[in-house]
Each structure stands twice: as C-alpha cells, then as structure tokens.
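# Overview (structure and organization)
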Amino acid sequence: IPPEVQAIFSITAPEGVVAPFTVKEVNSVDAFFRLIETYGGELERDNFNITVKEKVGSDNGVTIRYGKNIKGLTLTLDTADIATRIYPVGANSLILPERYIDVESGNLLAFDITKKVEFSDCSDTDSLRIAAQKYAANSAKPKINVNIDFLELSKIEEYEQYKSLTNVSLGDLVSVIHERLGITTTLRVITKQLDLLNPVNTKIVLGDPLKT
C-alpha cells in the first residue's frame, strides 16, 4: 500500500492466506478494490478507518411486505438474465460434451428459455463447466431491486411497519415478501442515504444494483 495511503487511512484486515500483490500507476481507491478482487472479502469504510471483512452486515430479522400502491417503496424485477438452460461457449468456440447446463428451479417458468453465454477466458471443458454452473446458479430467479424513500412512506398509514428499516446498515440482510407475485427472498442493503438531522429523509436500496 502506498506510504501516502498508510499516512491517512487506518487499515485492518483478518489474517489469512498471504500471496504477493503489486499494483502500479493506479490511484489508491482502485488499488483497494484490486486488493479485494485478489484476496476476497468486502470493505467496511468509516471515514478514514477501513476494515476488510469476509462479509459486511448482519441479519437482524427485519422483514418487509410489499403490497400494492405503497407510496415511497418501489420494487423492480429484472428478468433479462433468467433462463432454464445455459449453452456455454468457451475460447475458440469450445463447447461442452453435454452441450447444456440446466438451471435449477427452471421449472418456475411455464416455457423453456435457452441462453447462449460466452466465456472467452475458458480454454478447457472443466473450467467452462464450472463457469457455466456458477452463471446458471444466478439465472433461476429475477434480479430484485427495492428502493425505499421514508419521506414518502411517512405519508401513509403503513409507515409504522417500515420504521425498523431505518436501523439497518450497509450489507445487512432484509427479508422481502411480495405475496401478489409469490416472491419471498432475502436481500442485502446496498445503499443507505441518511439525514442525521431528520431520519425520515432516509433512503435505502435493497437487492441487486440496477443496470442503469
């Protein structure tokens, strides 16, 4: 880590596997994220105090139920990556002997969706199969993004049941139930914008980042 970074930041990381790590001609922020890509884990930032943890956040049993016409709570479903079967293609048009990787829970759809996915960094069938299986594991369900605006929620009667969400922190797990769509899932807090003077202005985002 560059000396100028050590002079400003306090960095704490768990002891674990030690491996060589060198970066050149990159800024300090980029260096931190390259460090995470190499060693794994997540960054917890508190001003100039940075901690590398296996996973940030906790599960405190917070649950929200998404109903209809709830002002200030928007749920977005992204189904672009849903598939029932993956057709993986590696480097130099490499394909698997079995050709396809089936997606678990793909029977949630009334029809089959076969998706061709290219893995240009896979040059043998073993690595191609592993990469395709990891991709397939994320293709069974839609990506879910829940945007919560407490200022708007405060204007409705149902606001009381959402007050507990003002206490969640970045990385925390929240159970989300959408009865009309038949969705019950657990989402992580990926954004929290807090007004220290007026907590009702808090804005929280759960789940998967939107591609926008």
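The shown structure was predicted, so the numbers you read here are calculated from the model rather than taken from an experiment. (Residues numbered from 1 in each chain as written. Predicted model: local features only at pLDDT ≥ 70, side-chain atom pairs only at ≥ 80, totals over all residues. Heavy atoms only, no water.)

With that settled, the discussion passes to the sheet that holds strand E10 (residues 173-178). Strand order in the open sheet made by the 6 strands is E4-E10-E11-E12-E9-E5, with mixed pairing throughout. Each edge of the open sheet is held by one strand with a lone partner, namely strand E4 (59-65) and strand E5 (73-78). Taking the axes of each pair of neighbouring strands and ignoring which way they run, one obtains an average angle of 30° across the sheet. (Pairing = 2+ DSSP bridges. Helix = DSSP H or I, 4+ residues; strand = E, 2+ residues; numbered from the N terminus. Axes fitted to C-alpha atoms, helices over the stretch in contact; angles between N-to-C directions.)

Right, let's talk about helix H2 (residues 28-39) for a bit. When the terminal C-alpha atoms of H2 are compared, their 17 Å separation across 12 residues agrees well with the 16 Å that a helix rising 1.5 Å per residue should span. Inspection of H2 places Ala31, Phe32 and Ile36 among the buried residues, and these make up the whole buried set. The buried side chains of H2 occupy one side of the element, clustering within an arc of 140° when seen end-on. A distance of 2.7 Å separates the backbone nitrogen of Asp30 from a side-chain oxygen at the start of H2, and that oxygen is part of Asn27. Of the residues flanking the end of H2, it is Gly40, one or two places downstream, whose phi is positive at about 85°. (Expected span 1.5 Å × (residues − 1). Buried < 20%, exposed > 50% of the residue type's maximum accessible area, 1.4 Å probe, protein only. Arc of directions from axis to C-beta. Polar contact = N/O pair within 3.5 Å; in protein donor to acceptor, adjacent residues only side chain to side chain.)

Reading across the sheet, the 3 strands line up as E7-E6-E8 and stay open at both edges, with mixed pairing between neighbours. Of all the strands in the sheet, just strand E7 (101-102) and strand E8 (114-118) have a single pairing partner and so form its edges. Pairing of strand E6 (residues 85-89) with E8 involves 5 bridges; the strand directions are parallel. Residue Tyr87 lies in a different strand from E8, and its bridge partner there is Lys116.

Positive phi, close to 55°, is recorded for Glu25, a residue that is not glycine. Looking at the element boundaries, Glu25 is found in the loop between strand E1 (10-12) and H2. Judged by relative accessible area, which is 86%, Glu25 ranks as exposed. Positive phi is not limited to glycine here, since Asn92 has a value of about 55°. Secondary-structure assignment places Asn92 in the loop between E6 and E7. For Asn92, a relative accessible area of 80% corresponds to the exposed category.

One finds Ile64, Val146, Ile148, Leu165 and Leu206 to be the most contacted residues of the largest nonpolar core, which totals 22 residues. Listing elements by their share of this core, those giving two or more residues are E4, E5, strand E9 (143-149), helix H4 (150-153), E10, strand E11 (183-193) and strand E12 (203-207). Setting aside residues no more than four positions away along its own chain, Ile64 makes contact with Leu73, Val146, Ile148, Tyr162, Leu165, Val174, Ser175, Val176, Ile177 and Leu206. Ranked by size, the runner-up nonpolar core spans 14 residues in total, among them Ala83, Leu128, Ala131 and Ala136. (Core = buried A, V, L, I, M, F, W, Y, C linked by side-chain atoms within 4.5 Å. Contact = heavy atoms within 4.5 Å.)

So yeah, pure geometry; function would need other evidence.
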